[in-house]
Amino acid sequence: MDDAFDWAPRDTDLAAAAQDDGDFFAIMAGKLLAPTTRIAVDFGCGSGGMAVAMKQHSDDRGYPARIVGLDTRPQAYADTQRTYPDVSFAQSSFEDPPDRIVSAIGGAADLIWVRGALHHAADEVEALNCLRQALRTGGTLAIAEGGTTVANLPEDLNIGDPGLQERLDEAVFARIHAQLGATHDQGYGWPVVIATAGLHYIRTHHVLFGTPQPLGGADMDYVLARFGRYVDWARTNLDSGDLRVWERLLDPDDHEWLGHRHDLYYVPTASVHLGERTA
Ligand SMILES: C[S@@+](CC[C@H](N)C(=O)[O-])C[C@H]1O[C@@H](n2cnc3c(N)ncnc32)[C@H](O)[C@@H]1O
């Protein structure tokens, strides 16, 4: 679907995010895969971070699972496909009918994982309905959308007012909200959406993961790039005082540049909602 997102410049970010979120993917692959898992899917996979984690986990444990990564944009997973030829990547979208999704997967799935992608579907409940039908009976759908926070800044930065990152998150949310439109206003949460799509045994895992302090190298680059993208993106939703502070924090020529600091961290929390196909 065309939801007005310009994905092309984001593919490098998606690859960096997949690397920084490697611990999260490894934790969840460990929780969700079992010796009986035959087909596990990372849907809306981007650069395929979870597909790779599931492949590594099943190989380490000697599970026979076939791992599939699906995305509407093949260019998002092209590099990973070259590096991990044993993961089956294919083009598919949330708007495809269930039989086309099953054929892209290569059979009914034991596990379908969706992270940070479902909110791009034209209709989230309809998309979950299709994904349910692409599961085998007893298969699990795992959704990690929204409700996720990332903390990077110490409480006292010595510049600006406390709560800078929270206010940036609010501005980004307001921008996403304006871009996606009111059809994506749920107001009742993913467990209800999953139940409405006909799944059962609904439960939620909360996961805390992160990168040790001090951040350096690629981890620091990723955090700075993420802030830069968010500030650019949500500029018009930010208070002018906060915007001035962010411009200093993100300017490598300013002594307040975040890249000089040793007290930044990368500590995300994520909620993963699970439901099962029972019939
Ligand atoms: C923010 S990225 C998340 C990537 C990955 N799941 C992760 O956790 O890093 C969202 C992904 O959803 C994909 N996407 C957007 N709309 C889609 C649709 N209608 N059907 C399938 N994938 C879609 C995009 O191409 C992009 O790769």
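Being a predicted model, the structure only gives us computed values, none of them experimental.

Engineer: Tell me about the overall build of the protein, and name the residues and values.
Structural biologist: Regarding its fold elements, the protein presents 10 helices and eight strands. Looking at the protein as a whole, 36% of its 279 residues are labelled buried. Looking at the protein alone, contacts between residues at least 24 apart form 79% of all its contacts between residues at least 6 apart.

Engineer: Pulling in residues and values, what's your account of helix 3 (residues 49–61)?
Structural biologist: When the terminal C-alpha atoms of helix 3 are compared, their 18 Å separation across 13 residues agrees well with the 18 Å that a helix rising 1.5 Å per residue should span. Listing the buried residues of helix 3 in full gives Gly49, Met50, Ala51, Val52, Ala53, Met54, Lys55, His57 and Ser58. Once helix 3 finishes, Gly62 follows within two positions and takes phi at roughly 75 degrees, a positive value.

Engineer: Can you break down the pairing of strand 3 (residues 88–91) residue by residue, with the values?
Structural biologist: Note that strand 2 (residues 66–71) and strand 3 share four bridges and pair parallel. Paired with Asp71 across the strands is Gln91, a residue of strand 3. Each parallel crossover has a hand, and for strand 2 linked through helix 4 (residues 74–83) to strand 3 it is right-handed.

Engineer: Help me get a handle on the nonpolar core, residues and values and all.
Structural biologist: If you look at the biggest cluster of nonpolar residues, it comprises 54 residues, and the most contacted ones within it are Val41 and Ile112. For Val41, the residues in contact, after removing those within four places along its chain, are Val68, Leu70, Ile105, Ala109, Leu111, Ile112 and Trp113. Grouped together as the second largest cluster of nonpolar side chains are 14 residues, Leu215, Val223, Ala234 and Tyr266 included.

Engineer: An account of the packing of helix 2 (residues 22–32) against helix 3 is needed here, citing residue identities and associated values.
Structural biologist: In the contact formed by helix 2 and helix 3, the axes pass within 9 Å of each other and the chain directions differ by 50 degrees. As far as their axial angle goes, helix 3 and helix 2 are oblique. Crossing hand, helix 2 versus helix 3: right-handed. In this structure, helix 2 contributes Gly22, Phe25, Ala26, Ala29 and Gly30 to the contact, and helix 3 contributes Gly49, Met50, Ala53, Met54 and His57.

Engineer: Break down the environment of Arg61 for me, with residues and values.
Structural biologist: Tracing the backbone through its elements, the reader meets Arg61 in helix 3. For the pair Arg61 and Pro35, spaced 26 residues apart in sequence, the C-alpha separation works out to 8.1 Å.

Engineer: An account of helix 9 (residues 217–234) is needed here, citing residue identities and associated values.
Structural biologist: End to end, helix 9 covers 26 Å across 18 residues, agreeing with the expected 26 Å (1.5 Å per residue, within 8%). Within the sequence span of helix 9, burial applies to Asp219, Val223, Phe227, Val231 and Ala234. Seen from one end, helix 9 has its buried residues packed into an arc of 100 degrees, which puts them on one side. Exposed and facing more than 90 degrees away from the buried side of helix 9 are Gly217, Ala218 and Asp232.

Engineer: Outline the pairing of strand 5 (residues 135–144), supporting the account with residue identities and numerical values.
Structural biologist: For strand 5, the tally of buried residues reaches seven of 10 residues, placing the bulk of the element in the interior. Here six bridges tie strand 4 (residues 109–115) to strand 5, and the two strands are oriented parallel to one another. Directly across from Arg115, in strand 5, lies its bridge partner Ala144. One crossover worth recording links strand 4 to the parallel strand 5 by way of helix 6 (residues 124–133), and it is right-handed. As judged from the four bridges shared by strand 5 and strand 8 (residues 267–276), these two strands associate in the antiparallel manner. Residue Thr140 lies in a different strand from strand 8, and its bridge partner there is Glu276.

Engineer: Before we move on, could you go through the environment of Val193 and cite the residues and values that matter?
Structural biologist: Tracing the sequence through the fold places Val193 in helix 8 (residues 190–196). For Val193, a count of 21 C-beta atoms within 10 Å translates into the label buried. Residues Val193 and Leu128, spaced 65 residues apart in sequence, show a C-alpha to C-alpha distance of 8.2 Å.

Engineer: Account for unusual backbone geometry, naming residues and giving values.
Structural biologist: Its identity as a non-glycine residue notwithstanding, Asn158 has a phi of 70 degrees, on the positive side. With respect to the secondary-structure elements, Asn158 resides in the loop between strand 6 (149–151) and helix 7 (164–180). You will see that Tyr201, though not glycine, has its phi angle at about 50 degrees, which is positive. Structurally, Tyr201 is set in strand 7 (residues 200–208).

Engineer: With reference to specific residues and values, describe the environment of Ser93.
Structural biologist: With respect to the helices and strands, the residue Ser93 is situated in the loop between strand 3 and helix 5 (98–105). C-beta crowding within 10 Å serves as the criterion here: with 20 such atoms nearby, Ser93 is assigned to the buried category.

About the thresholds
- Going along each chain's sequence as written, the residues are numbered from 1 onward.
- With the structure being a predicted model, the display of local features is reserved for residues of pLDDT at least 70 and the display and counting of side-chain atom pairs for 80 or more, all residues being used for whole-chain, interface and lining totals.
- Strands are runs of DSSP state E lasting at least two residues, helices are runs of H or I lasting at least four, and both sets are numbered from the N terminus onward.
- Neighbour counting defines burial: a residue surrounded by 20 or more other C-beta atoms within 10 Å of its own C-beta is buried, one with 12 or fewer is exposed, and intermediate counts give partly exposed, using backbone-placed C-beta atoms.
- Each residue gets a C-beta atom placed from its backbone, and two residues are in contact if those atoms lie within 7 Å.
- A helix is expected to span 1.5 Å for every residue after the first.
- Strands pair, by our definition, only if DSSP identifies at least two bridges between them.
- Handedness of a crossover is defined as follows: orient the strands so they point away from the viewer, and if the path from the first strand over the helix to the second runs clockwise, the crossover is right-handed.
- Definition of nonpolar core: a set of buried Ala, Val, Leu, Ile, Met, Phe, Trp, Tyr and Cys residues joined via C-beta atoms within 7 Å.
- Orientation is described by axes fitted as lines to C-alpha atoms, over the contacting stretch for helices, and by angles from 0 to 180 degrees between their N-to-C directions.
- Oblique is the label for any angle not covered by the other classes, which are roughly parallel (under 35 degrees), roughly antiparallel (over 145) and roughly perpendicular (65 to 115).
- Throughout, a crossing is termed right-handed when the near helix is turned clockwise from the far one, and left-handed when it is turned anticlockwise from it by less than a right angle.
- The arc in question is the one spanned by the directions pointing from the helix axis to the C-beta atoms.

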